[in-house]
Structure formats: structure tokens, C-alpha cells
Amino acid sequence: MKAEGEIIEGCRLPVLRRNQDNEDEWPLAEILSVKDISGRKLFYVHYIDFNKRLDEWVTHERLDLKKIQFPKKEAKTPTKNGLPGSRPGSPEREVPASAQASGKTLPIPVQITLRFNLPKEREAIPGGEPDQPLSSSSCLQPNHRSTKRKVEVVSPATPVPSETAPASVFPQNGSARRAVAAQPGRKRKSNCLGTDEDSQDSSDGIPSAPRMTGSLVSDRSHDDIVTRMKNIECIELGRHRLKPWYFSPYPQELTTLPVLYLCEFCLKYGRSLKCLQRHLTKCDLRHPPGNEIYRKGTISFFEIDGRKNKSYSQNLCLLAKCFLDHKTLYYDTDPFLFYVMTEYDCKGFHIVGYFSKEKESTEDYNVACILTLPPYQRRGYGKLLIEFSYELSKVEGKTGTPEKPLSDLGLLSYRSYWSQTILEILMGLKSESGERPQITINEISEITSIKKEDVISTLQYLNLINYYKGQYILTLSEDIVDGHERAMLKRLLRIDSKCLHFTPKDWSKRGKW
């Protein structure tokens with residue numbers, strides 16, 4: 001058995017932890033740091049294949065020293081795309097051994113040709129003759145030089161429909177309640193993203209180069225041993241105590257405190273409860289700075305300009321970084337607007353969550369960062385934030401999409417919102433003169449302000465798209481309809497567009513900054 005003193009950073013070994021069922025398990029973990037407190041050693045561990053928010057300090061009693069794996073000697077590895085190579089032993093950057101052994105490569109989107117009203121033997125689209133492969137930036141666009149349409153294929157078994165391709169809905173096993181057929185609609189220019197459902201999180205799992213705008217996306221090239229570790233033990237915000245999930249660049253002298261105290265109205269941080277109490281006697285804010293643009297019941301939204309309220313915006317970013325791993329922090333908040341959702345009581349407007357967006361987005365992003373604070377999660381506030389972001393897009397007359405990559409929880413929330421919103425549209429269609437209802441993907445996008453690529457990926461995710469007798473059909477089975485109706489009964493919080501008082505600005509005129 002190895003002595004405790006021999007455990008160094010980079011070692012891997014099983015570590016005892018409790019799972020969600022309160023049962024003991026021994027997942028493999030990596031030692032990221034070792035510290036000595038009063039002669040007792042503590043080890044900061046990252047559980048391999050688990051989210052970083054589960055990382056923690058453990059004592060040696062929870063380590064299985066019989067199965068310890070010492071790190072291999074560091075070898076100089078070539079950099080990729082000019083970015084520094086990953087730290088040895090980092091589980092986030094390892095290529096699965098199964099993929100290496102099989103020699104498989106990532107799938108390449110294939111460009112195919114679609115014809116409508118095809119003979120029966122040609123109905124299987126993947127069997128058609130492929131043209132040259134598309135680049136990863138290709139998107140659904142009509143080819144005006146011929147009568148054919150070019151699309152990016154997500155799965156050979158499920159052809160991707162054009163946004164204007166005709167489609168009908170037929171019963172699935174005779175149990176469908178709704179029938180929807182698509183009609184050709186207006187063509188609109190769009191700056192498309194991939195339609196793969198996994199592309200909502202990243203493109204083929206490979207991080208792209210960081211954008212040179214005000215994006216908050218992290219390209220992961222800044223990862224090091226410091227930013228991989230949580231540095232704040234606990235945050236007191238109003239009546240809640242929050243345990244951070246990730247690293248946040250608060251001042252170094254504050255990272256040794258057992259509790260970091262924040263004013264819940266201006267988000268300024270203090271070293272002690274006495275500092276906070278002294279601050280509260282001077283702070284006259286009882287709501288976020290900025291304009292209140294929505295109020296219904298106890299829920300309000302405030303619009304905050306990152307240039308006019310720089311201090312608040314920076315403090316909000318510092319707090320948010322504790323719970324967002326896929327975003328990095330820029331102190332230049334000028335290019336951003338922040339929309340803070342609050343809950344009102346007799347003491348003031350308490351922050352529940354927020355989302356930020358660029359004042360000018362060349363890629364049609366309507367959300368840069370989005371967060372519901374942990375005490376308010378699993379209560380419907382996340383969907384309310386998403387719904388509000390799309391309500392703003394409707395007022396602006398645009399379609400929008402969240403900035404990628406999304407976190408695991410963010411992807412689940414957006415998938416759920418897109419599914420419920422699109423199903424609500426499809427189930428609300430009424431047939432005319434006994435024929436099946438008809439709608440195009442363009443029309444769904446215009447009604448909901450959800451970008452066409454997100455509409456298509458959601459329909460594929462729900463497995464609603466089928467190809468039948470030369471046209472696309474959307475099949476709503478009894479299970480899908482019943483599941484949607486049950487979900488909508490639980491969704492009690494909704495945005496009322498009548499309570500929104502918002503006038504979009506033309507941020508291309510720099511004078512308005």
C-alpha cells in the first residue's frame with residue numbers, strides 16, 4: 001500500500017462518494033491538488049466522466065490507495081490550432097480509447113439531392129446519389145439554379161427537410177390525433193448552424209477558435225490547474241447560502257474566507273457579515289439598476305446596460321461564473337445587455353436568474369449567458385427566462401438562438417422549451433375544408449422566433465419527421481400528445497406579452513452605446 005505522502009497531483013485512483021440514491025460508490029478520480037491543514041492532508045479530486053461541479057476536497061480515508069495510478073512522465077506534445085496542449089491526465093481532453101482502437105472518424109455531413117413526388121423505389125432518400133461533401137458550416141439553403149434542394153444530413157436514416165418542403169402528417173399506428181402538412185412558404189436568408197442535436201453543445205466535440213467579439217464563450221484554451229478548481233467555499237446572498245460549482249475570478253484574498261458575503265441588490269462583495277451590514281446602511285438599492293420592462297405578479301425583469309451599469313454587470317458576471325463552466329469572463333461588459341429576473345416581496349426585488357445578450361450579434365444570438373440561481377432551480381424559472389428571451393426577439397422582429405456551447409443543464413432546458421413551444425403550435429392547427437392542416441418550418445420559425453435550425457433539430461429529436469409518398473410528414477402520436485399535455489399542466493409560469501414594455505434600440509449607431 002502506498003503511503004499518503006506519496007500521493008501527488010495527477011494521480012488517479014478510486015474515491016468514495018455518495019450517489020443520488022445515497023449509496024456508496026468508488027468512481028475513478030484524479031488528484032488536482034494537495035494541501036496540508038493543521039498536519040492533516042486534504043486532496044482536491046475530479047471524478048472522471050463526472051461534471052466538474054461535483055469536484056471536492058476529500059481526506060485520505062476516502063481514497064483507495066491499492067489501485068492508485070501515478071501520472072506518466074510529461075512528454076512535449078504538439079499544439080493544435082496554435083493553442084497550448086492539454087494538461088497531462090486531464091480527463092476532459094482524452095480521446096475515447098474505443099474510438100482510437102476502431103479507427104473511426106467523425107461523421108462528415110453529406111450533400112444529397114431531394115426530389116418531391118418521387119417514384120416508390122426512390123423514396124429512401126439516403127439511397128440517392130450524393131454529391132461532394134459539405135463543409136461543416138453548410139446550411140439549409142435553396143439552390144436557385146435548379147429545381148433540386150441541397151440539405152445537410154444529420155442521420156442517413158432521417159432526411160432533413162427543407163424549410164419550405166411540403167409535408168403531411170399521418171397517424172402512427174393509427175393513433176395520431178393531429179395531421180400537419182407543410183406548404184411552400186417565404187424563403188428567408190439565414191446564417192445557419194448545424195442541425196445535429198449534439199451541435200447545440202459543440203461542433204463534433206471540437207472547440208472552435210474564440211470569436212473576436214464580446215462573446216462570453218470559453219474556448220477552453222485558458223484551462224490550468226487554478227481555473228479547474230473551485231476557489232470560493234460558500235456565498236451568502238440575501239437569505240440564501242450558495243455552494244459554488246466552478247472557479248470564479250474573485251480577488252485572491254477572498255478565496256480563503258469560509259463565506260463570501262454579497263449584497264443581493266447591488267451584488268458587491270464583502271469579507272465579513274459586519275462589512276455587509278455596514279454596506280447595507282449605505283446601499284439604497286432595492287432592485288437591480290436599469291429599467292423595469294416587465295412585471296406580472298411578483299415576477300419582474302430589469303434591462304441593464306453593461307456600459308451604463310458597469311460595476312453591477314461585472315459583479316453579476318463574477319457571481320454567474322461560479323455556476324457556469326462553459327463561459328469565460330470579460331470585464332469589458334459594454335457590448336452586452338443584461339436581463340435580470342427578480343421576485344418581489346416586502347424587502348425588495350430579489351434576483352432569481354438572468355440572461356445576457358450582445359447588443360449587436362452577427363450570428364443571430366439572442367442569449368449569451370443564461371443562469372437560474374441554484375435556490376430557484378427546478379421551479380420553472382429557467383423556461384421563463386428562455387421564453388422571455390424569445391419574446392424580446394419577437395418584438396425585435398428577429399429569430400434567435402442561444403450562443404453555443406450550452407451547458408448540460410442549459411441544453412436540457414432549451415430542448416424542453418423548443419419541444420413544448422413547437423408542439424403547442426402543431427397541436428393548435430385547425431384543418432380547413434376537411435384537409436390536413438398545413439404549415440412550413442419557416443412559418444413555425446416566424447411564429448415562435450426560434451431559428452429554423454433549432455426547429456429542425458427539435459423535430460428530429462422528437463422523431464416527428466417522416467418521409468411518405470414523396471413528401472415530409474409530421475406524426476404526432478398519442479404518447480407525444482399526452483406527454484405534452486401533462487408537461488403543460490405543470491408549466492404554471494408563463495410570459496404575458498401584454499405586460500412587456502420594451503422598445504428595441506438600433507445599436508449599430510454607436511452613439512447609443
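In every chain, residue numbers begin from 1 and rise along the written sequence. With pLDDT at 70 or above as the cut-off, local features in this predicted model cover only qualifying residues; side-chain atom pairs require 80 or more to be listed or tallied, and sums for whole chains, interfaces and linings still use all residues. Side-chain metrics rest on all non-hydrogen atoms present in the structure, leaving aside hydrogens and water.

A short note on the overall build of the protein
Thinking step 1. Under the scheme used here, helices are H or I runs from DSSP no shorter than 4 residues and strands are E runs no shorter than 2 residues, and both carry numbers assigned from the N terminus. For the protein, the count of helices and strands is 8 helices and 23 strands.
Thinking step 2. Each residue gets one of three labels from its accessible area relative to the maximum for its type: buried under 20%, exposed over 50%, partly exposed in between, using a 1.4 Å probe on protein chains only. Buried residues in the protein amount to 46% of all 513 residues.
Thinking step 3. When contacts within the protein are restricted to residue pairs at least 6 apart in sequence, long-range pairs at least 24 apart make up 64% of them. Any two residues whose heavy atoms approach within 4.5 Å at even a single point are treated as in contact.

Observations concerning the pattern of salt bridges
Thinking step 1. The term salt bridge refers to a side-chain nitrogen of Lys or Arg lying within 4 Å of a carboxyl oxygen of Asp or Glu. Within the structure shown, the criterion is met by 20 salt bridges.
Thinking step 2. Residue Asp-24 is joined to Arg-18 by a salt bridge in which the shortest nitrogen-to-oxygen separation is 2.4 Å.
Thinking step 3. The partner of Asp-345 in a salt bridge is Arg-239, and the shortest N-O contact between them spans 3.8 Å. In this pair, Asp-345 is assigned in strand 17 (residues 336–345) and Arg-239 in the loop between strand 11 (235–237) and strand 12 (240–242), connecting sequence segments 106 residues apart.
Thinking step 4. We classify Asp-345 as partly exposed; its relative accessible area is 25%.
Thinking step 5. One network of salt bridges, in which partners are shared, links Glu-387, Glu-424, Arg-491 and Arg-494.

Some details on the side chain of Asp-305
Thinking step 1. Looking at the element boundaries, Asp-305 is found in strand 16 (residues 299–305).
Thinking step 2. For Asp-305, a relative accessible area of 8% translates into the label buried.
Thinking step 3. When neighbours within four sequence positions are excluded, Asp-305 is seen to be in contact with Ser-313, Asp-334, Phe-336, Leu-337, Lys-359 and Trp-507.

Quick look at the sheet that holds strand 12
Hydrogen bonds between backbone groups are what pair the strands of a sheet, and the pairing can be parallel or antiparallel.
Thinking step 1. Read across the sheet, 4 strands follow the order 12-11-13-14 without closing on themselves; strand pairing throughout is mixed. A single partner strand is all that each edge strand has here, and the edge strands are strand 12 and strand 14 (269–270).
Thinking step 2. Strand pairing requires that DSSP identify at least two bridges connecting the strands. For strand 11 and strand 13 (residues 260–262), the ladder comprises 3 bridges, and the chain directions are parallel. The residue of strand 13 that forms the bridge with Ile-235 is Leu-260.

So, the sheet that holds strand 6 (residues 56–59)
Thinking step 1. Strand order in the open sheet formed by 4 strands is 1-4-5-6, with antiparallel pairing between adjacent strands. If you trace the sheet from one side to the other, it starts and ends with strand 1 (12–14) and strand 6, each paired once. Taken pair by pair, the neighbouring strands of this sheet meet at an average axis angle of 50 degrees, ignoring direction.
Thinking step 2. Both strand 1 and strand 4 (residues 28–37) contribute to a ladder of 3 bridges, which runs antiparallel. Within strand 4, the position partnered with Leu-13 by the bridge is Ala-29. All axes are obtained by fitting lines to C-alpha atoms, using only the stretch in contact for helices, and the reported angles, taken between N-to-C directions, cover 0 to 180 degrees.

A few points about the packing of aromatic side chains
Thinking step 1. Between 30 and 60 degrees the pair is tilted, below 30 it is stacked and above 60 it is edge-to-face, where a pair is any two Phe, Tyr or Trp rings, Trp via its six-membered ring, whose centres lie within 6.5 Å. Considering all chains together, one arrives at 18 aromatic pairs under this definition.
Thinking step 2. Here a set of aromatic residues connected by ring pairs shows up, and it is made of Tyr-294, Phe-301, Tyr-339, Phe-355 and Phe-388.
Thinking step 3. Cation placement over rings: the criterion is NZ of Lys or CZ of Arg within 6 Å of the ring centroid and within 35° of the ring normal. Geometry around Trp-57 places Lys-35 over its ring, the cationic atom sitting 4.2 Å from the centre.
Thinking step 4. Note that Arg-415 overlies the ring of Tyr-461, its terminal NZ or CZ placed 4.9 Å from the centroid.

Observations concerning the confidence of the model for the protein
Thinking step 1. Here pLDDT means the predictor's own confidence in every residue, given as a number from 0 to 100. Overall, the prediction assigns the protein a mean pLDDT of 76, with 68% of residues at 70 or greater.
Thinking step 2. Across residues 84–159, confidence stays below pLDDT 50; counting only partners more than four residues off in sequence or on other chains, it has 125 contacts.
Thinking step 3. Here residues 168–215 is a poorly scored stretch, pLDDT under 50, and it has 136 contacts once near neighbours within four places are set aside; other chains count.

Looking at the environment of Asp-325
Thinking step 1. Looking at the secondary structure, you find Asp-325 in the loop between helix 3 (310–321) and strand 17.
Thinking step 2. What makes Asp-325 buried here is its relative accessible area of 13%.
Thinking step 3. Separated by 79 residues in the primary sequence, Asp-325 and Tyr-246 place their C-alpha atoms 6.3 Å from one another.

A short note on the nonpolar core
For soluble globular proteins, nonpolar side chains are generally found buried alongside one another.
Thinking step 1. Counting residues in hydrophobic clusters, the biggest one holds 79 residues, and the most contacted among them are Phe-301, Leu-319, Tyr-354, Phe-388 and Leu-426.
Thinking step 2. Here the element with the most residues in this core is helix 5 (residues 408–427); it accounts for 9 residues.
Thinking step 3. Listed in part, the 13 residues of the second largest apolar core include Cys-11, Ile-31, Leu-63 and Ile-68. To form a nonpolar core, buried Ala, Val, Leu, Ile, Met, Phe, Trp, Tyr and Cys residues must be joined to one another through side-chain atoms within 4.5 Å.

Digging into unusual backbone geometry
Thinking step 1. Note the cis peptide between Lys-404 and Pro-405, where omega equals 0 degrees.
Thinking step 2. In this structure, Pro-405 sits in the loop between strand 21 (401–402) and helix 5.
Thinking step 3. One non-glycine residue with positive phi stands out, namely Leu-267, at about 65 degrees.
Thinking step 4. Here Leu-267 is to be found in the loop between strand 13 and strand 14.
Thinking step 5. Phi at Asp-364 takes a positive value of approximately 60 degrees, unusual for a residue other than glycine.
Thinking step 6. A residue is classified by how much of its surface remains accessible, and Asp-364, at 28% relative accessible area, is partly exposed.

Brief notes about helix 3
Thinking step 1. Given a helix with a known number of residues, its expected span is that number minus one, times 1.5 Å. For helix 3, with 12 residues, the first-to-last C-alpha span of 16 Å sits near the 16 Å given by 1.5 Å per residue.
Thinking step 2. The buried fraction of helix 3 is high, at 9 of 12 residues.
Thinking step 3. Taken together, the buried positions of helix 3 are occupied by Tyr-312, Ser-313, Asn-315, Leu-316, Cys-317, Leu-318, Leu-319, Ala-320 and Lys-321.

Let's talk about the packing of helix 4 (residues 381–396) against helix 5
Thinking step 1. In the contact formed by helix 4 and helix 5, the axes pass within 10 Å of each other and the chain directions differ by 60 degrees. On the basis of the axis angle, helix 4 is oblique to helix 5. Once helix 4 is placed against helix 5, the crossing between them reads as right-handed. Contact residues: helix 4 offers Lys-383, Ile-386, Glu-387, Ser-389 and Tyr-390, while helix 5 offers Ser-413, Tyr-414, Ser-416, Tyr-417, Trp-418 and Gln-420.
Thinking step 2. Three categories are distinguished: nonpolar for Ala, Val, Leu, Ile, Met, Phe, Trp, Tyr, Cys and Pro, charged for Asp, Glu, Lys and Arg, and polar for the others, with Gly belonging to the last. Taken together, the residues of the contact of helix 4 with helix 5 sort by class into 5 nonpolar, 4 polar and 2 charged. To sort the angles, those under 35 degrees are grouped as roughly parallel, those over 145 as roughly antiparallel, those from 65 to 115 as roughly perpendicular, and the leftovers as oblique. Crossings are assigned a handedness: left-handed for a near helix turned anticlockwise from the far helix by less than a right angle, right-handed for a clockwise turn.

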